[in-house]
Amino acid sequence: MYDPVQLRTFLTVAQTLSFTQAAGRLCVGQSTVSQHVRRLEEATGRPLFVRDTHRVELTEDGEALLGFARTILAAHERAVAFFAGTRLRGRLRFGVSEDFVLTRLPEILEGFRHEHPEVDLELSVELSGTLHERLDAGRLDLVLAKRRGAGDERGRLVWRDRMVWIGAEGLRLDPDRPVPLILFPPPGITRARALEVLERDGRAWRIACSSGSLSGLVAAARAGLGVMAHTRGLVPPGLVRIAGLPELGPVEFALLRGARVSPAAEALAAAVLSGADRLSRTA
């Protein structure tokens, strides 16, 4: 028997790769998180994480447990919803960063629509910066987007990764010429980060392509027009990491709620948090 509470803790640690961050998201002590993971490892008879003072990583058995944990928790939530006898209704305006266009987010949304058919879900796909603005203006109820930068603690952390430079395989950058950049337009958070690190490093740059569509940027990158800053876990097929440029640093994705918090928004937030590990994989 696997305890759903322990499984939820396990998924949260797997998503954040941090016992401290998992404790913050779950609103429990770090010792409780460690205890839940230890008991789950005792139940499975396998180590689920490799951890030291600097990092937390899933073992192969931990990777295998991800799918089982999601299935068990989904069945548990369906049973609770069924016997609670409540059906969610109403309009829900959900904003998602362009970063997730090519991921398995549709699977999460499909599951939510199946569980809550009477919720009118309106999906907006925009730049993270634009989503923050629309949420602050009251035009969205729930947003999944990048945090704006260091010190931004808004929302609930969903997933942490690093940003890397990517481009077409075989692309070579001439160190004596400006770096050709493929960028989202303002107020893109990725754009701001790319320009900031290049200018801090004293590297000249030029804009080779600008598009508000991730598909447009990927097409330009595959054509070899330049390099783009992107989340390491979401590198699109046909593109590879490009070396020789300054480090872009970490990136965090968070769920942010608007002023009007509805049961439907809470239910979708829970679904996204439960399936967050699927967001770090392209479809």
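No experiment lies behind these values; they were computed from the predicted model shown. (Residues numbered from 1 in each chain as written. Predicted model: local features only at pLDDT ≥ 70, side-chain atom pairs only at ≥ 80, totals over all residues. Heavy atoms only, no water.)

**Student:** Could you clarify how one ought to interpret the overall build of the chain in this entry?
**Tutor:** Check the secondary structure of the chain and you find 9 helices and 11 strands. Taken against the 2.2 N^0.38 rule, which gives 19 Å for 283 residues, the C-alpha radius of gyration of the chain at 20 Å falls within 12% of a compact globule. By residue count, 47% of the 283 residues in the chain fall in the buried class. Accessible area for the chain stands at about 13,900 Å²; split by element, carbon and sulfur atoms hold 52% of it. The averaged location of the 34 negative side-chain charges in the chain is 2 Å from the averaged location of its 38 positive side-chain charges. (Helix = DSSP H or I, 4+ residues; strand = E, 2+ residues; numbered from the N terminus. Rg over C-alpha atoms; globule rule 2.2 N^0.38 Å. Buried < 20%, exposed > 50% of the residue type's maximum accessible area, 1.4 Å probe, protein only. Areas by Shrake-Rupley, 256 points an atom, 1.4 Å probe, with all protein chains shown as cover. Lys, Arg positive; Asp, Glu negative; His and termini not counted. Charge placed at Lys NZ, Arg CZ, Asp CG, Glu CD.)

**Student:** How should unusual backbone geometry be read in this particular structure?
**Tutor:** Generally, phi is negative for residues other than glycine and the peptide bonds are trans, each holding for most cases. Between P186 and the following residue, P187, the backbone shows a cis peptide bond with an omega angle of 5 degrees. With respect to the helices and strands, P187 occurs in the loop between β7 (179-183) and α7 (189-201). If you check the backbone angles, L17 has positive phi at about 50 degrees while not being a glycine. On the basis of relative accessible area, L17 is assigned to the partly exposed category, the value being 33%. Here C27, not a glycine, exhibits a phi torsion of approximately 60 degrees, which is positive.

**Student:** Any chance you could explain the packing of helix α1 (residues 4-16) against helix α2 (residues 19-26) here in plain terms?
**Tutor:** Working note: a packed helix pair is described by the angle between its axes plus the distance between those axes. Between α1 and α2, the least distance of the axes is 8 Å, while the angle of their chain directions is 125 degrees. Comparing their axes, α2 and α1 come out oblique. Regarding α1 and α2, the two cross each other, and that crossing is right-handed. Across the interface between the two elements, T9, T12, V13, Q15 and T16 from α1 touch F19, Q21, A22, R25 and L26 from α2. Here the residues of the contact of α1 with α2 are counted per class, giving 4 nonpolar, 5 polar and 1 charged. (Axes fitted to C-alpha atoms, helices over the stretch in contact; angles between N-to-C directions. Parallel < 35°, antiparallel > 145°, perpendicular 65-115°, else oblique. Left-handed = near helix turned anticlockwise from the far one by under 90°. Contact = heavy atoms within 4.5 Å. Nonpolar A, V, L, I, M, F, W, Y, C, P; charged D, E, K, R; others polar.)

**Student:** Looking at this structure, I do not really get the side chain of S124. What am I missing?
**Tutor:** Within the fold, S124 resides in strand β4 (residues 119-126). A residue is classified by how much of its surface remains accessible, and S124, at 15% relative accessible area, is buried. Within the structure, the side chain of S124 is placed 3.5 Å from the side chain of R134, a separation counted as a polar contact. Setting aside chain neighbours within four positions, we find S124 in contact with F94, G95, V96, L131, R134 and L140. (Polar contact = N/O pair within 3.5 Å; in protein donor to acceptor, adjacent residues only side chain to side chain.)

**Student:** I tried to follow a nonpolar patch on the surface on my own but got confused; where do I start?
**Tutor:** A surface patch of nonpolar side chains, amounting to about 280 Å² of accessible area, comprises V101, L102, L123 and V125. Residue position: L123 is located in strand β4. Note on L123: relative accessible area 44%, which makes it partly exposed. (Patch = residues over 30% accessible without salt bridge, like charges linked within 9 Å, V, L, I, M, F, W, Y side chains within 5 Å. Salt bridge = Lys/Arg side-chain N within 4 Å of Asp/Glu carboxyl O.)

**Student:** Help me out: how do you make sense of the packing of aromatic side chains in this one?
**Tutor:** Two measures describe an aromatic ring pair: the distance that separates the ring centres and the angle between the ring planes. For the structure on display, the rule yields 4 aromatic pairs. Ring geometry for F10 against F49: centres 5.5 Å apart, planes inclined by 50 degrees, an arrangement best described as tilted. Note that F10 is positioned in helix α1 and F49 in strand β1 (residues 49-51), a separation of 39 residues in sequence. Here F10 falls in the buried class, since its relative accessible area comes to 1%. Here F49 falls in the buried class, since its relative accessible area comes to 5%. (Phe/Tyr/Trp six-rings, centres within 6.5 Å; stacked < 30°, edge-to-face > 60°.)

**Student:** Please explain α1 as it appears in this structure.
**Tutor:** Note: α-helices contain 3.6 residues per turn, so residues at a spacing of three or four share the same orientation. For α1, spanning 13 residues, the distance from its first C-alpha to its last is 18 Å, which sits close to the expected 18 Å at 1.5 Å a residue. The set of residues buried in α1 consists of Q6, L7, T9, F10, L11, T12, V13, A14, Q15 and T16. Between the side-chain oxygen of the N-cap and the backbone nitrogen of V5 there are 2.8 Å, and the N-cap of α1 in question is D3. (Expected span 1.5 Å × (residues − 1).)

**Student:** Hey, could you run me through the pattern of salt bridges in this one?
**Tutor:** Pairs may arise between side chains of opposite charge once their charged atoms sit close together. By the definition in use, this model includes 16 salt bridges. Notably, a salt bridge pairs E118 with R89, separated by 2.6 Å at the nearest N-O pair. In this pair, E118 is assigned in the loop between α5 (105-115) and β4 and R89 in the loop between α4 (60-84) and β3 (90-97), connecting sequence segments 29 residues apart. Judged by relative accessible area, E118 falls into the partly exposed class, the value being 30%. One salt bridge connects D141 with R93, and the closest N-O pair in it is separated by 2.8 Å. Of this pair, D141 sits in the loop between α6 (128-136) and β5 (142-146) while R93 sits in strand β3, and the two are 48 residues apart along the sequence. Where salt bridges share partners, they join R93, D141 and R260 into one cluster.

Keep in mind these numbers describe shape, not what the thing actually does.
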